[in-house]
Amino acid sequence: MNSVHALRRSLLLAAVGSLASAQAPAAPSSEASRALPRVRLALAASHSLYHLPLTLADRLGFFRQAGVQLEWLPQESGAKALRMALAGQADVVAGAYEHLFALHLKGLNYQSFVQMSRTPQVSLGGSTRGGMAWRSGADIRGARLGVSALDSTTYWTACQWLSRQGLTAEDVVFVPVGSSQGVMEALRNGSIDALCNPDPVMYWLEQKNEIRMLCDARTLQGTRHLMGGPVPGASLFAHAAFLQLHPDRAQALCDGVVQALKWLQTAGLTDILRTVPSGHWMGDRAIYLGAFEKLRESYAVDGLVRSDDVTHAWRVHAKLLGTDGPRQLVPARTFTNVFAQKSKSRRLA
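Residues numbered from 1 in each chain as written. Predicted model: local features only at pLDDT ≥ 70, side-chain atom pairs only at ≥ 80, totals over all residues. Heavy atoms only, no water.

Asker: Can you break down the nonpolar core residue by residue, with the values?
Answerer: In terms of nonpolar packing, the biggest core is built from 63 residues, with Leu-52, Leu-54, Val-92, Phe-113, Leu-236 and Leu-253 touching the most fellow members. Among the elements that take part in this core, helix α12 (residues 247-266) stands out by supplying nine residues, more than any other. Counting residues in each nonpolar core, the second largest holds 45 residues, with Leu-73, Trp-134, Ala-158 and Leu-226 among its members. (Core = buried A, V, L, I, M, F, W, Y, C linked by side-chain atoms within 4.5 Å. Buried < 20%, exposed > 50% of the residue type's maximum accessible area, 1.4 Å probe, protein only. Helix = DSSP H or I, 4+ residues; strand = E, 2+ residues; numbered from the N terminus.)

Structure, rendered in structure tokens:
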């Protein structure tokens, strides 16, 4: 470990050391909270940093203050979370923006109504098991590449990286492994040779020297390098009919997320640890904080979706699909900023 890494880790450990043992209390189960309107939220990797704004909004009481409570419906992949919504078992999905492109190509009018991150917040690494070298991108040819699902941001990010290496999806064997800590066992036992997943799993494996990082779509710079420009990351999205029938619930969700994003802008490391349940830390608070610091800049600022970012993301996605993008889909129809603008006008952002 070089001196810079040693200093960074010492600072993180210092933050851990200054943390009081008490955690933020769970939401009280009062009559008032039970009476709040309930929204069924489907999502994958619910304990990951990918959904940190949701965790914070819930733990800090921002959703309750806004007048809504969540029914969490955790899944192993974003694709499975989406299927719950399509089956009428969830009202809202928290997930990658690419899902909206697929939905609109099928004629399904879903819209993002608050953005949580400005990057895909995933990375891709090759296993160091057995001294695997990974000297160039071409080394992944024929490898078993683990992704959360075959229609997920981990899959599409991996496909984009393969394209940048002059390869295609057919040059690897994609293996759906979900997005829980169990993916680490798949890497260790040889079921997969490489992995694309969110943090803190990827950061943990990187720090333990179990993977060599090949692609980083967590930072703004890394994302622009991979995608050729800015793209939207995770957001909350729902069918337009839900947004029209329950604008108060959508607004409450948006207010809670935007308030959490604002809180994040000034939060210290001890603030994060006091608020996030210890079960999210993967047993190593310092590594969890390191992963957070890596991602801090990637979180959205005000919840607004940028039209130019969506348009660029669709061009990249359409190229991977082999689709004539401009004639197949209107990117502006995949989102609405009505709710985020109102949150912003309330000085929540």
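Asker: Hey, could you go over the packing of aromatic side chains for me, with residue numbers and the actual values?
Answerer: Inspection of the entire model under this criterion finds five aromatic pairs. These aromatic residues form a ring-pair network of at least three members: Tyr-97, Phe-101 and Trp-314. (Phe/Tyr/Trp six-rings, centres within 6.5 Å; stacked < 30°, edge-to-face > 60°.)

Asker: Quick one: what's the story with the sheet that holds strand β8 (residues 194-198), residue by residue and with numbers?
Answerer: If you trace the five strands from one edge of the open sheet to the other, you get β7-β6-β8-β5-β9, paired in mixed fashion. The sheet is open, and its two edges are formed by β7 (173-176) and β9 (211-217), each paired on a single side. Between one strand axis and the next, the sheet turns by 25 degrees as a mean value, whatever way the strands run. Sheet topology places strand β5 (residues 122-127) next to β8; five bridges connect them, and they run antiparallel. By the bridge assignment, Val-122 is partnered in β8 with Pro-198. (Pairing = 2+ DSSP bridges. Axes fitted to C-alpha atoms, helices over the stretch in contact; angles between N-to-C directions.)

Asker: Which residues make up the sheet that holds strand β2 (residues 69-75), and what values go with them?
Answerer: Strands sit in the order β2-β1-β3-β10-β4 across an open sheet of five strands; the sheet is mixed. A strand with exactly one partner marks an edge of an open sheet, and here the two such strands are β2 and β4 (110-115). Taken over all neighbouring pairs, the strand axes of this sheet differ in orientation by 30 degrees on average, direction set aside. Taken together, the three bridges between strand β3 (residues 92-95) and strand β10 (residues 235-239) define a ladder with antiparallel strand orientation. Looking at β10, one finds that Ala-94 is bridged to Leu-236. Across the sheet, helix α6 (residues 98-105) lies against β4 and β10, angled at about 160 degrees from β4, the strand it touches most. (Contact = heavy atoms within 4.5 Å.)

Asker: Tell me what's going on with helix α3 (residues 52-59), and back it up with residues and numbers.
Answerer: Where burial is concerned, most of α3 is hidden: six out of the eight residues are buried. Along α3, the residues classified as buried are Leu-52, Pro-53, Leu-54, Thr-55, Leu-56 and Ala-57. Two residues or fewer past α3, Gly-61 is found with a positive phi of approximately 80 degrees.

Asker: Give a detailed account of empty space enclosed by the protein, specifying residues and quantitative values.
Answerer: Tallying each qualifying case throughout the model produces four cavities of 30 Å³ or more. Empty space within the largest cavity amounts to approximately 160 Å³. As for the largest cavity, its lining consists of 17 residues, and the residues nearest its centre are Ala-44, Tyr-50, Gly-78, Ser-148 and Thr-153. Elements with a contribution of two residues or more to the lining of the largest cavity: β3 and α7 (153-164). (1 Å grid on protein atoms, 1.4 Å probe; cavity = no way out; pocket = protein on both sides within 12 Å on 5 of 7 lines; lining within 4 Å. Points joined across faces, edges and corners; volume = space filled by probe spheres on them.)

Asker: Before we move on, could you go through the side chain of Asp-309 and cite the residues and values that matter?
Answerer: Here Asp-309 is to be found in helix α15 (residues 307-321). The buried charged residue Asp-309 lacks any salt bridge, with Arg-306 as its nearest oppositely charged partner at 5.8 Å. Setting aside residues no more than four positions away along its own chain, Asp-309 makes contact with Pro-230, Val-231 and Pro-232. (Lys, Arg positive; Asp, Glu negative; His and termini not counted. Salt bridge = Lys/Arg side-chain N within 4 Å of Asp/Glu carboxyl O.)

Asker: Could you give an account of the packing of α3 against α12, with specific residues and numbers?
Answerer: Interhelical geometry of α3 versus α12 gives an angle of 100 degrees and a closest axis separation of 8 Å. Classified by the interaxial angle, the pair formed by α3 and α12 is roughly perpendicular. Contact with α3, carried on its side by Leu-52, Pro-53, Leu-54, Leu-56 and Ala-57, involves Gly-256, Val-257, Ala-260, Leu-261, Trp-263 and Leu-264 of α12 and no other residues of that element. Along the lines of polarity and charge, the residues of the contact of α3 with α12 split into ten nonpolar, one polar and no charged. (Parallel < 35°, antiparallel > 145°, perpendicular 65-115°, else oblique. Nonpolar A, V, L, I, M, F, W, Y, C, P; charged D, E, K, R; others polar.)

Asker: So, α6: which residues are in play, and what are the values?
Answerer: Counting buried positions along α6 gives seven out of eight residues, so the element sits mostly inside the fold. Along α6, the residues that are buried comprise Glu-98, His-99, Leu-100, Phe-101, Ala-102, Leu-103 and His-104. The inward-facing, buried residues of α6 abut α5 (78-86), β4, α7, β10 and α15. Positive backbone phi, at 80 degrees, marks Gly-107, one or two positions downstream of α6.

Asker: I'd like a description of the environment of Gly-166, backed by residues and values.
Answerer: Its location among the elements puts Gly-166 in the loop between α7 and β7. By relative accessible area, which is 64% here, Gly-166 ends up exposed. Each C-alpha atom, one on Gly-166 and one on Ala-138, is 8.4 Å from the other, the two residues being 28 residues apart in sequence.

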